[in-house]
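# Architecture and fold: a report
Here are the chains, one letter per residue:
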Amino acid sequence: MFTKSKLANSVSLALCVGIMSSMTIATASAQDTAEAEEKVIEKISVTGSRIRAPGIESTSPIISIGEEEITFAQTPEFERVLRALPSTIPADGSNANNGTAGAATIDLRGLGAQRNLVLLEGKRMVPFNFNGQVDTTNIPTALIERIDVVTGGASAVYGSDAVAGAINVILKKDFEGVSLSMNHSQTDESDGDQDSIALTLGSNFDDDRGNAVLSISWFEREAIRLGQRPLGQLGINSNTGAGYSEFLAGQTPAEPVAGCGGPNVVDFVNGSGSTTAIPTRFELIGTGVSGQFRDDRTLGDQCSRFNFNPFNFYQTPAQRYSATALAHYTINDNAEVYASFNYSNSSVDQQVAPSGTFGAAFDLPLYNPFISDQALQWILDGANDAVAGGSLVDGGSWTDANANGVVDSEDSLNVRLRRRTLELGPRTERFDSDIWQLNLGVRGEIYDGWEYDVSYQYGESNRTTVRDGYTNLPNIQAALDTRDGVTCASGGTCVPIDLFGGFGTITEEQAGFARAIAIQQQKYEQEIGSVVFTGPVDAISLPTADAPLSMSFGFEFRNETGLLEPDECLKLAPASCQGGAGGNLLPIKGGYSTQDIYFEALLPLVDGAAFAEKIDLELGFRTSDYDTIGTTDSWKYGVNWRPVDELLVRVMKQRANRAPNIAELSSPVTSGLSNATLDPCSVENATNIDDRLRQLCISTGMSAAQVGVIPDIISGQINTFAGSDPQNPPGPEEADTTTAGFVWTPDFDTFSSFTVSADYYDIDIKDIIGNFSAQEVLDSCYIQGLEGECSKINRVGGDLTGSSAGVNLFTSNLKFLRAEGLEITFNVGFDLDEYGDLNFSGNINKYLTQESQSSDNVPVIDCKGFYGTSCTPISDLRWIQRTTWTMDELTVSLQWRHINSIDVELPEAAGRFEAFRKIDSYDYFDLFASYNVTDWAVVTAGIDNMLKKDPPVLGNQIGATRANSGNTFPSQFDTLGRIYKVGVSFTF
């Protein structure tokens, strides 16, 4: 249960443990004068290990982003700071709109945001939802000292989820003084303003035995709609290229034929957009009878599409307030108590085009007075022809109310109506979040170099999501059943709705009854307690080494619980009461607990020998006992070899794991949307349907007359029915990771500093938790003829476009996911004497492998250098390079971001418009400058995308929905144009 009493009791227990430990140790803290005068040797720790020892070095590759680099970025958005790294792939964030969760997440190596661990001072951060992902907007950017990004599995040290690696944020724990920073940015189109203010206060106290820091901040980001940029003003079809020539010529979208108009409406043949348009499109389910109304209420051929682009966001609006407090106090040489509290309140808005009926199935009484005489006769003629042809039968899509064997005006037909309801305004989703986390602990020395650290942490995420502007499908169904256009057959407050003409037929009163607002609430709790001991084992040492074995061992318990409570509208199956919401939601309540025991060891093998200045062996093991999946084990072993002082060679082998999260274990089956490219049984593929395919189509619920006639998948999306399978829950993922490389730090007279590192990495994950893609299911059935996959396909009236039709995609363990590559970093500095200092730094990532496979029955998906519905763009080669010149009070820095050329996925290439099959290499340049006006005031200025490089034009169907928007990939490529930044900071 979610109770505050548990938190209060736990916090009290942790405080008692800290106080009792401090009092106990204090009695033994008296030391003689000789001991007090002993030379203090500093013990250090590195990300990726809990061992504290003199001179310890990381065996795993670590990329560190320092405070200066964060300053160069001039943004309080942590996700945007890391997005520039070649090792990351954009996940959720400010440029994700349709499909966003209103958060900012990190994806290392393209392996998924759920497969890396985000840490604050080496401790887990509370996830924002039951998918186990961390919203990085909760990280206090103003307090960051550095960010360490570890490549490869780190489960032996940090536990589950650290499969691709770990991101550890190190804060300024001993800050003294006052720091106030203010930043503002704006595009060269004078929009998209971003403003932030951060105030940090810190001081030592009690003769420097303690320190306390408080940092508070505010951030606001304004929206940029697609319609505010030329590329986003019109829809472009990724397959046909429709709309592309108009974009190149700077023209407006192609106008529809006369009498088929309305706001944002384009021509059906030459335009690109959604088939849920204005006026209403009509389809008699399962018969091939379809058409579109006109402004004058007549019914004829299809004539228009809806340009949904301008309403969507290239940049989502957001506002955030946050506060972080840190404190530590040394009671004596053997006990230091510490605490931290982190809180953020954020609001993020998402917006897409106005709602509609989106092909929902309705029982349409043909006596509805809003249907004109011509339209009624058109429907009757088509329906009776379908009866004669055998595709329409009483009890199917036809209710013969008067039992006369003829479709007439007293009957009802099961139809799909596709009407865009602009009269209701755009669809919006507002995410309001409160996230907080408390950490308490005590640490110190026990005896003879051995140290302890006892800590307790508790965190909560509370989110409310409000959806507005959607149609209420049950209400619309009731509103269609009217004989006089004034009252509904159902009575009550029902208002009949007119869907059978052009824009404006839906009155304000009708819109009020047809509109649905829905609310969902989420809560997530995380509770962690740990005790760690670390120190030297003097009895174990080698005669060839100068130091003994260093060890760390400990125990950790972790409890995670999650809750989702949607309102009754969202629960309604199959697609909630909201038209265009993409599915329904059902309550989720679940959790899991784990108890972990772990140890690490660092054994010096050689010190001071020829070609072996230093050799260390690193070992680690962790066993985790879950109350859901049982026991998982992770381990590591590696070697650091320093043949000479200037060269470090490192090799690490690790076994990492990821236990299924709450969503993967406890989600009920609900409907949703997924990406797909083709229904092989549809009219789009009619010329390729042979006898074998025809029989397979019939086996999945089609009649012979429907094969090759029913409509294809719309807008590259298909309904899915996804969730956990309680009879076959997923097991843990298991990853074998290998890293090997070197760090070279020679002492050249020419350079003031010189560092080069190169590392190979191979992250091979087996039994990945996920589901088959919808297209994989379709291809496995209709191409490979696998009966088990055919059983996952649910057709209604023969097609897959209705809200009750779709593909079953249950969460399970899939075959593998792998990323392999090379990463190079360098930093070279020059002392220019009176002309200051010049520094060159860079980070290069080259993928050798980036692929996955769901099962032996489906092809391997190769994403290295590809983009498409299965691959978020993953360039095989990316780099960032920064050149920084500092002279006296002035600093000028230029960053070069390179993305190598990328091709569309090979299986999809033939179906894509030729101009959209390749993205050429991209190079962006960002300029930064700062000047120290006084000892306590600094002004900064910057320009991102100096050369105003336009994003690639690709259309709206070429990638996954969240990634592909506004005819491009807005998170991967700069879509906003040139961005100007200014800032000022004061430090006292």
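It should be emphasised that the depicted structure is a prediction, and the values quoted were computed from it without experimental measurement. Here the residue numbering is sequential within each chain, running from 1 through the sequence in written order. With pLDDT at 70 or above as the cut-off, local features in this predicted model cover only qualifying residues; side-chain atom pairs require 80 or more to be listed or tallied, and sums for whole chains, interfaces and linings still use all residues. Each side-chain value is derived from all of the structure's non-hydrogen atoms; neither hydrogens nor water enter the calculation.

## Structural notes on the pairing of strand β41 (residues 837-853)
Here is the key point about a regular strand: its side chains alternate between the two faces of the sheet. Inclusion rule: For two strands to pair, DSSP has to find at least two bridges joining them. The way it works is that DSSP assigns letters per residue, a run of H or I at least four long becomes a helix, a run of E at least two long becomes a strand, and they are numbered from the N terminus.
For strand β40 (residues 816-831) and β41, the ladder comprises 16 bridges, and the chain directions are antiparallel. Bridge pairing links Phe826 to Gly842 in β41. Hairpin connection between β40 and β41: a loop of five residues separates the two successive antiparallel strands, and Asp833 in this loop has a positive phi of roughly 55°. The pairing of β41 with strand β44 (residues 877-887) spans ten bridges and is antiparallel. When the bridges of β44 are listed, Phe840 appears paired with Thr883. Pairing geometry for β41 and strand β42 (residues 861-862), over two bridges, is antiparallel. Bridging from a neighbouring strand, Glu851 pairs with Asp862 of β42.

## Quick notes on the sheet that holds strand β33 (residues 717-723)
Test applied: Contacts between residues were defined by any pair of non-hydrogen atoms, one from each residue, lying within 4.5 Å. In this description, a line fitted to the C-alpha atoms serves as the axis of each element, helices being fitted only across the stretch in contact, and the angle between N-to-C directions of two axes falls anywhere from 0 to 180 degrees.
The strand order β32-β33-β38-β37 describes an open sheet built from four strands, whose pairing is mixed. Two strands in the sheet have a free side with no partner beyond their single neighbour: β32 (670-675) and β37 (793-794). Sheet topology note: the β33/strand β38 (residues 806-810) ladder contains four bridges and is parallel. Bridge pairing in β38 links Ala722 to Leu809. Contacts between helix α13 (residues 774-782) and the sheet are confined to β32, β33, β37 and β38, with β38 contributing the most and set at about 110° to the helix.

## Notes on the side chain of Thr465
With respect to the secondary-structure elements, Thr465 resides in strand β24 (residues 450-472). Those residues in contact with Thr465 that lie beyond four places of it in its chain are Glu429, Arg430, Phe431, Ala518, Ile519 and Gln520.

## Focus: the sheet that holds strand β4 (residues 116-120)
Ordered by their spatial adjacency, five strands build an open sheet running β1-β6-β7-β4-β5, and the pairing between neighbours is mixed. Edge positions in the sheet fall to β1 (62-66) and β5 (123-124), since each of these pairs with one other strand and no more. Summarising the sheet, β1 and strand β6 (residues 144-151) pair through five bridges and their orientation is antiparallel. Paired with Gly66 across the bridge in β6 is Arg146.

## Details of the state of the cysteines
Formally: Throughout, disulfides are identified as pairs of cysteine sulfur atoms within 2.5 Å of each other. Each residue's exposure class comes from its accessible area (1.4 Å probe, protein chains only) as a fraction of the maximum for that residue type: buried when under 20%, exposed when over 50%, partly exposed otherwise.
Overall, the coordinates contain six disulfides when judged by the stated rule. One disulfide in the model links Cys569 with Cys577; its S-S distance is 1.9 Å. Judged by the sign of its S-S torsion, about -80°, the bond between Cys569 and Cys577 is left-handed. Like Cys577, Cys569 is buried. One disulfide bridge connects Cys781 with Cys790, the sulfur atoms lying 2.0 Å from each other.

## A few points about the side chain of Asn964
As a reminder of what qualifies: We call two N or O atoms a polar contact when they sit within 3.5 Å, provided that within protein one can donate a hydrogen and the other can accept it, with sequence-adjacent residues counted only if both atoms are side-chain atoms.
For Asn964, the position within the fold is in the loop between β49 (937-944) and β50 (979-987). Here the side chain of Asn964 touches Ile958 through a polar contact of 2.9 Å, landing on its backbone nitrogen. Asn964 has contacts with Gly955, Asn956, Gln957, Ile958, Gly959 and Phe969, leaving out every residue within four places of it along the chain.

## A short note on the UniProt feature "domain: TonB-dependent receptor plug" (unreviewed entry) in the protein
In plain terms, the rule: UniProt positions are given in the numbering used here, feature names are shortened, and annotations may be inferred rather than shown by experiment.
Per the UniProt record, the feature "domain: TonB-dependent receptor plug" (unreviewed entry) sits at residues 57-166. Between the end C-alpha atoms of residues 57-166 the distance is 17 Å, and the span holds 15% helix and 25% strand.

## What about the environment of Val289?
As for its position among the elements, Val289 is in strand β14 (residues 289-293). Between the alpha carbons of Val289 and Val683 there is a distance of 13 Å; along the sequence they are 394 residues apart. Not counting residues up to four positions away in its chain, the partners in contact with Val289 are Phe282, Glu283, Leu284, Trp378 and Gly382.

## A few points about helix α8 (residues 473-480)
The following threshold applies: Working note: the arc is built from the helix axis to C-beta atom directions.
Among all positions of α8, only Leu473, Ile476, Ala479 and Leu480 are buried. For α8, the arc enclosing every buried residue in end-on projection is 115°, short of the 170-degree limit, so these residues lie on one face. Of the surrounding elements, those touching the buried residues of α8 are β20 (361-365), β22 (412-418), β24, α9 (508-514) and β27 (578-579).

## Some thoughts on the pattern of salt bridges
Here is the rule we go by: Salt bridge, as applied in this entry: a Lys or Arg side-chain nitrogen positioned within 4 Å of an Asp or Glu carboxyl oxygen.
Taken as a whole and assessed by the stated rule, the structure comprises 52 salt bridges. Here Glu69 makes a salt bridge to Arg882, at a shortest N to O gap of 3.0 Å. Of this pair, Glu69 sits in helix α3 (residues 67-73) while Arg882 sits in strand β44, and the two are 813 residues apart along the sequence. Residue Arg882 is classed as buried on the basis of its relative accessible area of 7%. With a shortest N-O distance of 2.9 Å, Arg658 and Glu664 are connected by a salt bridge. The class of Glu664 is buried, set by a relative accessible area of 11%.

## Digging into the environment of Tyr637
Along the polypeptide, Tyr637 turns up in strand β30 (residues 630-644). Taking the C-alpha atoms as reference points, Tyr637 and Gln374, separated by 263 residues in sequence, lie 79 Å from one another. For Tyr637, the contacting residues outside a window of four places in its chain are Glu618, Leu619, Val651, Met652 and Lys653.

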